[in-house]
Amino acid sequence: MADYSKKFKELRDIANKLRIDSINATNASNSGHPTSCASMAEIMSVLFFHTMKYKVSEPLHKSNDRFVLSKGHAAPILYSAVAEAGFFPVEDLLNLRKLSSDLEGHPTPRLNFIDVATGSLGQGLSVGCGMAYVGKYFDQAAYRTFVLLGDGECAEGSVWEALNFASFYKLDNLCIICDVNRLGQSGPTSLGHNMDVYRSRFEAFGVNAIVVDGHDVVELAKAFAEAEATKGKPTAIIAKTFKGHGLIGIEDMENWHGKPLGDKAGNIINNLYSQMQNKGPYKLDIPLVVDDAPDVNITNVKLHEPPKYKKGELVATRLAYGTALASIAKSNDRVVALDGDTKNSTFSDKIMSVNPKQHIECFIAEQNLVGVAIGAACRNRSITFASTFATFFTRAFDQIRVAAISMSNTNFVGSHCGVSIGEDGPSQMGLEDLALFRSIPGSTVFYPSDAVSCARAVEFAANTKGICYIRTSRPNTAVLYENTQEFQIGKSLIVKESKQDKVLVIGAGVTLHEALRAAEQLEKSNIKIRVMDLFTVKPIDAESIKKHAEQCNGKIIVVEEHYPQGGVGEAVSSACAMSKFLIKILAVNEVPRSGPPQKLLEKYGIDAGSVVKAVEEIIKL
């Protein structure tokens, strides 16, 4: 017992050293959140110097325990913990928030010990669920996942979506720590220190809930041991703490969120030092990593067999997506489909015929769906495809943009885009999704127009870095391409042309087929048009667009199933910004209504007849 007593004394010293490091770092940058760090110092000390198993020499080793700091504004104390553990020199903490430093205000994977970016609150637990799911059901390894939440962010619904997921899938390798320090940014949290309510809420979601004094290293150590021993359910350690704990004159005081201590720092640091027996450096006593996570290869993933469609055959691109997904899943058992209770509409359920374990049902919780997909893709453990109706990704825009900051390789597939879904009406029609995904930095946006191109889009996405989005349609449309057709990201295809073409018409998905019908009608009046399939809206094939537009009298018509803002038309206009082309955009210009698909295309001016009219008008200019 004497050894443990000595260990606990050192953990208390480390906690105060982490406080001091956080104060120094935030003072050096004249910004940051030292009081948010101070409340969780003992938690971080016990986690990083007693509980977690990891290799300092390989921060993202496949068998290391995972840690997600969901309350990302407390980044300085995370940086302090890993610096004191030996990941990098402690003196580098003074570079916090400098432009030349990767120690940013909130964690990002620019640092080699960070899996995902955090700071937009309420997202970390979903990501942790994805990590834990892969650890339990795919890797079947000993590593565990720890997620540290702030009490303020527990007002976010995404936290409870994630808890529901974690409980349903019995993620007993997931440990949640809630730092209940009572104070938010502008005032007290809604529950304050009502620990019984926190306990009952976590327990209501099927979680093993343990309430502890978050400043007692012995209680924390026992709670982490209980969490590891608990089987069949995740554990939440609900830690009662005080914001600014240990910072004399500031502890548990309002109006200190996000403020460095300034000239108060000296006295506070001296007081903290006076309480420490061991001021560092610290001898590590980190438990040994159980190196049992398997090696995984997710590179060069191919369709198990090439597409087998017949030209002219009617196949919805959403169905072609499901077929292609199953095909690449046969080639690599780390291809994972995630869905939000729409799998029989997106056809992601086709992967279940290959292996049911390669499908994760996330139910109707799209924010959590996206977070789990991001977590499952971390450390290159899987290739994730998250699918739902295109319009429902808009509610998870924040998660998607943070995925880009996380440098995540996650694929999203949105079905039921545009008015062609018909009678279901505007709440189900994806009309903003291209704007969403085009705005994501580094994203690749596929918009296949037939089954063959959709199959290749899936194959490309599986091998493309960054965020990928595939937009699929509900109606059956004709197969346009031979199964041997070659596609490239950022390269368009011409599906109809002649030397007499007067206008370049660019369509995508359903509207490409409307453009082809318009071409047939116009030929009866001896008017020829050239029809282009973009294949990828981002990157867009600006060179080909301009080349073909020049050959068509400098006149372009874009027809799309999207609102005009942020859609295909704006992408084309941007690509031609320095060119003297006449561009007309046919798009959905108002909130649509229910009705038969073809009638809706006609009503909103994006059917073949509307293209014919637009061509006849533009050639007169």
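Each remark here, short or long, concerns the structure printed above.
Heads up: these notes are all about the structure in this document. Computed from a predicted structure; not experimentally measured. Throughout, a residue's number is its position along its own chain's written sequence, starting from 1. Whole-chain, interface and lining totals are the exception, using all residues; otherwise, since this is a predicted model, local features are given only for residues with pLDDT of at least 70 and side-chain atom pairs are given and counted only at 80 or more. Where side-chain values are given, they derive from all heavy atoms of the structure, hydrogens and water being excluded.

1. Points about the state of the cysteines
Cysteine sulfurs are considered disulfide-paired once they come within 2.5 Å of each other. A complete count under the given rule lists 0 disulfides for this structure. We note that Cys129 lacks a disulfide partner, and the nearest cysteine sulfur, in Cys362, lies 9.4 Å from it. Looking at Cys129, the relative accessible area reads 0%, which means it is buried. Of all cysteine sulfurs in the structure, the one in Cys417 sits closest to Cys454, which takes part in no disulfide; the separation is 11 Å. Note on exposure labels: buried denotes an accessible area under 20% of the residue type's maximum, exposed denotes more than 50%, and partly exposed covers the range between, all computed with a 1.4 Å probe on protein chains only.

2. Some points on the nonpolar core
Only buried Ala, Val, Leu, Ile, Met, Phe, Trp, Tyr and Cys residues count toward a nonpolar core, and they belong to the same one when joined by side-chain atoms within 4.5 Å. Counting residues in hydrophobic clusters, the biggest one holds 80 residues, and the most contacted among them are Phe202 and Ile556. Per element, the largest residue contribution to this core is 8 residues, and it comes from helix H5 (residues 124-138). Comment: elements are numbered from the N terminus, with helices defined as DSSP H or I runs of at least four residues and strands as E runs of at least two.

3. Some details on the sheet that holds strand E15 (residues 503-507)
Two strands qualify as a pair provided DSSP detects at least 2 bridges between them. Strand order in the open sheet formed by 5 strands is E14-E16-E15-E18-E19, and the pairing between neighbours is mixed. What marks the edges here is a single partner per strand, and that holds for strand E14 (493-496) and strand E19 (582-586). Adjacent strand axes in the sheet meet at a mean angle of 25°, parallel and antiparallel pairs treated alike. The pairing of E14 with strand E16 (residues 529-533) spans 3 bridges and is antiparallel. From the neighbouring strand, Lys496 faces E16, where its bridge partner is Val531. Working rule for contacts: check all heavy atoms of both residues, and any pair within 4.5 Å makes them a contact. Axes here refer to lines fitted to C-alpha atoms; in helices the fit is confined to the stretch in contact. Angles between the N-to-C directions go from 0 to 180 degrees. Packing of helix H17 (residues 542-551) onto the sheet brings it into contact with E14, E15, E16 and strand E18 (555-559), and relative to E16 it is tilted by some 175°. Of the strands in this sheet, E15, E16, E18 and E19 are in contact with helix H20 (residues 608-618), which crosses E19 at around 160°.

4. Here we look at the packing of helix H3 (residues 41-51) against helix H4 (residues 75-84)
Running from amino to carboxyl end, H3 crosses H4 at an angle of 35°, the nearest separation of the two axes being 10 Å. Judged by the twist between their axes, the crossing of H3 over H4 is right-handed. Together, Ala41, Met44, Phe48 and Phe49 of H3 and Ile77, Leu78, Ala81, Val82 and Glu84 of H4 make up the contact between the two elements. Polar here means any residue outside two lists: the nonpolar Ala, Val, Leu, Ile, Met, Phe, Trp, Tyr, Cys and Pro, and the charged Asp, Glu, Lys and Arg; Gly therefore counts as polar. Taken together, the residues of the contact of H3 with H4 break down into 8 nonpolar, no polar and 1 charged. Note on convention: near helix rotated counterclockwise from far helix by under a right angle means a left-handed crossing. Clockwise means right-handed.

5. Focus: unusual backbone geometry
Look at the link from Gly280 to Pro281: it is a cis peptide, with omega at 0°. You can see Pro281 is positioned in the loop between helix H9 (265-274) and strand E6 (314-315). Of the consecutive residues Lys538 and Pro539, the connecting peptide bond is found in the cis state with omega at -5°. Within the secondary structure, Pro539 is located in the loop between strand E17 (535-538) and H17. Phi angles above zero are rare outside glycine, and Asp252 is one such case at about 60°. Given the relative accessible area of 25%, Asp252 is considered partly exposed.

6. Thoughts on the side chain of Thr230
Relative to the helices and strands, Thr230 resides in the loop between helix H8 (217-229) and strand E5 (235-240). Definition of a polar contact: a pair of N or O atoms within 3.5 Å, with one able to donate and the other able to accept a hydrogen when the atoms are protein atoms, and with sequence-neighbouring residues admitted only if both atoms are side-chain atoms. A polar side-chain atom of Thr230 sits 3.2 Å from a polar atom in the side chain of Asn208. Thr230 has contacts with Asp172, Asn208 and Thr235, leaving out every residue within four places of it along the chain.

7. Observations concerning empty space enclosed by the protein
A cavity here means a set of 1 Å grid points, computed over protein atoms only, where a 1.4 Å probe fits but cannot escape. A pocket is an open set with protein on both sides within 12 Å along at least 5 of 7 lines, and lining residues have an atom within 4 Å of a point. Grid points are joined across faces, edges and corners, and a volume is the space filled by probe spheres set on the points. A complete count under the given rule lists 5 cavities of 30 Å³ or more for this structure. Within this model, the largest cavity holds a volume of roughly 160 Å³.

8. Some details on the layout of surface pockets
The volume enclosed by the largest pocket comes to roughly 490 Å³. Forming the boundary of the largest pocket are 25 residues, of which Ala377, Asn380, Met407, Asn409 and Lys465 lie nearest the centre. Broken down by secondary-structure element, the contributors of at least two residues to the lining of the largest pocket are helix H12 (366-377), strand E9 (383-389) and helix H15 (451-462). The class makeup of the residues in the lining of the largest pocket is 11 nonpolar, 11 polar and 3 charged.

That is the geometry; function is a separate question.
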